[in-house]
Amino acid sequence: MIETIYIEEAVRSHPRTSEILARFPGARRIRCHRYGEVFNPRGQDFRIQKRRPALILAEKFKNFVLPAPEGFGIGGSENFYFSHMLNCLYDCRYCFLQGMYQSAHYVMFVNHESFMDAIDKRLEETKESQAVTFFSGYDCDSLALESVTGFVKAFLPFFRERPRALLELRTKSVRVQELLKTEPFENCVTAFSFTPAEISEKTEHGVPPVASRIEAMAKLAEAGWKVGLRLDPLIYHKGFENSYSKLVRDILNAVPPEAVHSTSLGPMRFPKAMYDRIVRLYPDDRLLAGPLSPSNGMVTYRRHVEEEMTEVCRALLGEYVPEEKFFHCTPWA
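Since this is a predicted model, take the numbers as computed values, not measurements.

Engineer: Could you give an account of the side chain of Asn187, with specific residues and numbers?
Structural biologist: Relative to the helices and strands, Asn187 resides in the loop between α8 (177-180) and β11 (188-194). Within the structure, the side chain of Asn187 is placed 2.8 Å from the backbone oxygen of Ala165, a separation counted as a polar contact. Discounting residues that sit within four places of it in the chain, Asn187 has contacts with Phe159, Arg162, Pro163, Ala165, Leu166 and Leu167.

Engineer: Before we move on, can you summarise the packing of helix α10 (residues 210-223) against helix α11 (residues 240-254) with the specific residues and values?
Structural biologist: Running from N to C, α10 and α11 point in directions that differ by 30°, and their axes come no closer than 9 Å. Put simply, α10 runs roughly parallel to α11. By crossing handedness, the relation of α10 to α11 is classed as right-handed. Mapping the contact onto sequence places Val210, Ile214, Met217 and Ala218 in α10 and Leu247, Asp250, Ile251 and Ala254 in α11. A breakdown of the residues in the contact of α10 with α11 according to their chemical character gives seven nonpolar, no polar and one charged.

Engineer: Tell me about the pattern of salt bridges, residues and numbers included.
Structural biologist: The final tally for this structure, using the stated rule, is 20 salt bridges. Note that Glu161 is salt-bridged to Arg162, the shortest N-O span being 3.7 Å. Assessed through its relative accessible area of 61%, Glu161 is described here as exposed. One salt bridge connects Glu168 with Arg230, and the closest N-O pair in it is separated by 3.0 Å. With Glu168 in strand β10 (residues 165-171) and Arg230 in strand β13 (residues 226-234), this pair connects stretches of sequence that are 62 residues apart. For the pair formed by Glu168 and Arg230, the shared burial category is buried.

Engineer: For the sheet that holds strand β17 (residues 298-301), give the residues involved together with the corresponding values.
Structural biologist: Read from one edge to the other, the open sheet built from three strands follows the order β15-β17-β16, with strand pairing classed as antiparallel. At either margin of the open sheet sits one strand with a lone partner, and together these are β15 (269-271) and β16 (292-295). Direction aside, the axes of adjacent strands within the sheet are offset by 25° on average. Sheet topology note: the β15/β17 ladder contains three bridges and is antiparallel. Across the sheet, the residue bridging to Phe270 is Val299, located in β17. On top of the sheet, helix α12 (residues 272-281) reaches β15, β16 and β17; it is set at about 100° to β15, its chief contact. Sitting on the sheet, helix α13 (residues 303-318) is in contact with β15 and β17, with an inclination near 55° to β17.

What counts, and at which threshold
Residues numbered from 1 in each chain as written. Predicted model: local features only at pLDDT ≥ 70, side-chain atom pairs only at ≥ 80, totals over all residues. Heavy atoms only, no water. Helix = DSSP H or I, 4+ residues; strand = E, 2+ residues; numbered from the N terminus. Polar contact = N/O pair within 3.5 Å; in protein donor to acceptor, adjacent residues only side chain to side chain. Contact = heavy atoms within 4.5 Å. Axes fitted to C-alpha atoms, helices over the stretch in contact; angles between N-to-C directions. Parallel < 35°, antiparallel > 145°, perpendicular 65-115°, else oblique. Left-handed = near helix turned anticlockwise from the far one by under 90°. Nonpolar A, V, L, I, M, F, W, Y, C, P; charged D, E, K, R; others polar. Salt bridge = Lys/Arg side-chain N within 4 Å of Asp/Glu carboxyl O. Buried < 20%, exposed > 50% of the residue type's maximum accessible area, 1.4 Å probe, protein only. Pairing = 2+ DSSP bridges.

Structure below.
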């Protein structure tokens, strides 16, 4: 899968680097001073790179844990996110990452311990009575490359010992083996993002089928883990009421409602510059030619379209889970 690995000089001797290199003995290895030399230059072809992305092993020096965007949360009074990776295994047409980065290569930060120190510092800065949520999977998929990163394996024991810190693992993956062989604990939620099957097949390239994700979600629930349901982003299409109704019914018939920690909706919204870049990548994509319009520097569905989808999906979720488990996430609002 990985044919080329770039290695920062500073992490050449890091134990995690050695572990990863051992998994890919045939990969071409290229040294670099800093990952930005490879990842940041303009003029790179994101689409070509996406066919065979390289892995870049790097060290992160700052901004380990950042405040979550306004409107992004699942009940905690303090919300933060952290990214052990940049970019994603999957190729979703609506993904904001392709409008954010010049490169499709994967950047993996091997210094997990620095993230852990930063999380502890955030906890020290908040009151003991405050619930603090840490979102993983904002700039990547939390589980999709677990066999390479070892991220979940490293961070589950860390969060288990910090019950005031809620960890959300956001994913479209079915790679839940590390969780299934670990004793579950309350302050970890594996949140699965879904669009209806007919939309997923057309727009979420490389993502496991909806049915497979529901099965993985059900396995975690059966094992005692808390799970989250994220209808994110909401995508308008003809007959959306029926397709979202089937999706919600299929998920919550397979997953006991008591295992559901939270449900949320996320509208499809882009900063204008990001949207323009994605359109340049996919000029003929029908998804991006839908009922979207610019407003206050953002590109969104027209207000009546977004409100209609939100009302329909909120009512569908309300048939299965209580209102207090519902959240309407609106990053960049």
